[in-house]
Amino acid sequence: MPGIDKLPIEETLEDSPQTRSLLGVFEEDTAATSSYFSQLFRAMQRIYDAQNELSAATHLTSRLLKDYEKQRFPLGGDDEVMSSTLQQFAKVIDELSSCHAVLSTQLADAMMFPITQFQERDLREIVILKEVFQIASDDHDTAVNRYSRLSKRKENEKVKNEVMEDVYTSRKKQHETIMHYFASLNMLQYKKKMALLEPLLGYMQAQISFFKLGSENLTQQWEEFLTNIGTSVQNVRREMDSDAEATEQAIQDMKAASDPLYMPDPDPNQIPVNRNLTRQRSHASPDSKTGLVSSAWDRQYFFTQGGNLMSQSRGDVAGGLVMDIDNCSVMAVDCDDRRFCFQITAFDGKKAVILQAESRKDCEEWIATINNISKRIYLSENPEEIAARVNQSALEAVTPSPSFQQRHESFRPSTQGRSKTGRSGSQCSAGSESPALSSLSLDSLVAPDTPIQFDIISPVSEEHTSEAKSGAQGRTNPFGESGGTKSEESEDSILHQLFIVRFLGSMEVKATESADVIYETMRQILAARAIHNIFRMTESHLLVTCECLKLVDPQTQVTRLRFPLSSVVLCASHRENKRLFGFVLTTAGGREDGRPVTVCYVFESNNDGEKICDSVGLAKQIALHSEMDRKATQKQRDLDKAKEKQEEELHKQKQIEKDLEEQSRLIAASSRPGQPAADGQFLVLSNSQSEDSDAGEEGQKKGESDA
């Protein structure tokens, strides 16, 4: 290549100062080259690392978009349009991720490999040769100095020969080393140009290939798709802007309308007291004794529901019963030098609650509301109305945390004009706002006049008891077990999962097509517990296997309940309180008339209820596959037995045919006159014997033909 400066290799033996000076220039150039290429290598390494990170991030983005439909957003709902759109984006970004992966591979091969080889091999070789040349030069100078110090007067041939040999060896080594060193420095002038151009060429070619690959993949169809998505985004943005303007206007209106309500004790002339209320809800502070003298006035949310006073702390899923306000007395009192206090006393005088309202208006409205509720229920002349109101109180005793939509609708003026029917509490089921439940009546989900069982009673215990009696040997197990027939079923099961649960209650239901029946059962059981102040719960271990569900006593390990897995028809968890779950069982012949009984069991767990429901679903799938495998195996066994039986019948038929042929042959041989016997004698038959033989032969042939 023209323009390349070289070190004169032919002058290496002379090793003149001019040559050494020229070598110093080349060494300075080598040092500058090494420094420059180190910086260039770091820059290209950053490009390569950034491309790898971009490829990994693109792949992660594609995977997250694919998993969007599996995510559960509390407010998102089932947006099929958004899910399908994100799936389309995931497909495009996945293709881009593949293109980025190809680009990363090309950059590693065409850009990083040449510059890495130049740094680690060529520049490293120059450094090593320089060190070797320096050592060889020092050894040569030492040998020459030693040779120069040889004495002229006292010559020693042995020493002289050694010194001359040393000079010869060191000079030869220096000459060879400096020639290789000079050659490497000369080659370095070519290599550094190639090492500078090859990575850049590889980088540009990889980028061009990447752009071509992208243009091939992003066809006109994807361009139209992106255009449509861009239009949709603009529409959503315009809708958001209009909604933001409407929201801002609503906020301004609410601020102007609510300005008098910000005062803790508003002016009665501006906001008059409503004394005709039959429902009340607001924050208040109950008088809770924490010691002999001091009291804790913790702010809570109180509301009336039916004939009950309920309270709910912030963060609680549902409200709790404070007291029954039917036929109670209420009056304003002075307590602990606090303002706006009133006392509610039960009709029997055994329980009293002191509450502090936040304003005089709230205090007077609470007193008027409680008086109106008491008069409405107990001064009515119609006993059926009283019974309906009490039933409504039982159904509405537990009110879960209202949803965002319910809280929003509660501020609308039209909400106060709603009709308050006896079944209005069914719309606030246990964590469910399903439209299917709102369209169904309670009678279609839960059997009417159904008692709630708070103790563990198995609907399958009668079946196991009858099975135990039919054996006439074993003793009936009072916990629903049928003896030792199933003692090893859990050991043979593939699935074993144990959960800590607490039994809340069970009741007979009618519908089993939807999980709404479980939500409604949860609501009624929690309502009944709140009304009757039942807080005791039986803790058990729920064992999920492929054959059954077992409730085991954690202390004695005795099986309290056993549910065959085939009887579990429905299982679901609470939508807000994930620790609550329930399942529906169907048993045949549970009544006297032989009709099936469907019972819903409700539990509270330390774990997520969805995990338990998933475990039950997995157990049913495993049991289904096992049953299918068992039926397939039994069918194959039946086919094998039928085949063996058929082969046996065929073998018998062949044996019979063979015996008949043998008999026919013997009869035919004996019927011929003059035929020698087996001992060489002639056997002569009479005419009568011949006729009998012929008749026997004809009968034999007729039998063979019939066979």
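For the structure itself, look to the data block above.
As a starting point, this report considers the structure included with it. (Residues numbered from 1 in each chain as written. Predicted model: local features only at pLDDT ≥ 70, side-chain atom pairs only at ≥ 80, totals over all residues. Heavy atoms only, no water.)

1. As for the overall build of the protein chain
Consideration 1: Within the protein chain, the secondary structure is distributed over 13 helices and 16 strands.
Consideration 2: Taking all 707 residues of the protein chain together, 35% fall into the buried category.
Consideration 3: For the protein chain, long-range pairs separated by at least 24 residues make up 66% of all intrachain contacts whose partners lie at least 6 apart in sequence.
Consideration 4: Put simply, the protein chain shows about 44400 Å² of open surface, and 52% of that area lies on carbon and sulfur atoms. (Helix = DSSP H or I, 4+ residues; strand = E, 2+ residues; numbered from the N terminus. Buried < 20%, exposed > 50% of the residue type's maximum accessible area, 1.4 Å probe, protein only. Contact = heavy atoms within 4.5 Å. Areas by Shrake-Rupley, 256 points an atom, 1.4 Å probe, with all protein chains shown as cover.)

2. Observations regarding the sheet that holds strand β10 (residues 497-508)
Strand pairing in a sheet relies on backbone hydrogen bonds, with the paired strands running either antiparallel or parallel.
Consideration 1: Pairing within the open sheet is antiparallel, and its 7 strands lie in the order β13-β12-β11-β10-β16-β15-β14. The two strands at the open ends of the sheet, each matched to only one other strand, are β13 (559-564) and β14 (568-573). Pairwise comparison of adjacent strand axes, ignoring direction, gives a mean angle of 30° for this sheet.
Consideration 2: Of the strand pairs in this sheet, strand β15 (residues 580-587) and strand β16 (residues 597-605) are connected by 8 bridges, and their pairing is antiparallel. Within β16, the residue paired with F583 across the bridge is Y601.
Consideration 3: Helix-sheet contacts for helix α11 (residues 516-532) involve β10, β14, β15 and β16, and the interaxial angle to β10 is about 80°.
Consideration 4: Across the face of the sheet, helix α12 (residues 609-670) comes into contact with β10, β11 (538-544), β12 (548-552), β14, β15 and β16 while running at roughly 155° to β14. (Pairing = 2+ DSSP bridges. Axes fitted to C-alpha atoms, helices over the stretch in contact; angles between N-to-C directions.)

3. Observations concerning the side chain of D553
Consideration 1: Tracing the backbone through its elements, the reader meets D553 in the loop between β12 and β13.
Consideration 2: Using a relative accessible area of 14% as the deciding quantity, one classes D553 as buried.
Consideration 3: Within the structure, the side chain of D553 is placed 3.4 Å from the side chain of T556, a separation counted as a polar contact.
Consideration 4: Beyond its immediate stretch of four places on either side in the chain, D553 contacts V558 and R560. (Polar contact = N/O pair within 3.5 Å; in protein donor to acceptor, adjacent residues only side chain to side chain.)

4. What about the pattern of salt bridges?
Consideration 1: Across all of its chains, the model carries 18 salt bridges by this definition.
Consideration 2: K66 is the partner of D94 in a salt bridge, and the nearest nitrogen-oxygen pair spans 3.4 Å. With a gap of 28 residues between them, D94 in helix α2 (residues 80-148) and K66 in helix α1 (residues 17-66) connect regions that are remote in the sequence.
Consideration 3: What makes K66 partly exposed here is its relative accessible area of 37%.
Consideration 4: Where E627 meets R630, a salt bridge forms, and the shortest distance between an N and an O atom there is 2.4 Å. Here E627 and its partner R630 are both found in helix α12, 3 residues apart, which amounts to about one turn of the helix.
Consideration 5: One salt-bridge network, in which partners are shared between bridges, spans R502, E539, R579 and E604. (Salt bridge = Lys/Arg side-chain N within 4 Å of Asp/Glu carboxyl O.)

5. Points about the packing of α1 against α2
A pair of packed helices is captured by two measures, namely the crossing angle of their axes and the spacing between those axes.
Consideration 1: At their nearest, the axes of α1 and α2 sit 8 Å apart, and the two run at 160° to each other. Here α1 is positioned roughly antiparallel relative to α2, judged by the angle of their axes. When the axes of α1 and α2 are compared, the crossing they make is left-handed. (Parallel < 35°, antiparallel > 145°, perpendicular 65-115°, else oblique. Left-handed = near helix turned anticlockwise from the far one by under 90°.)

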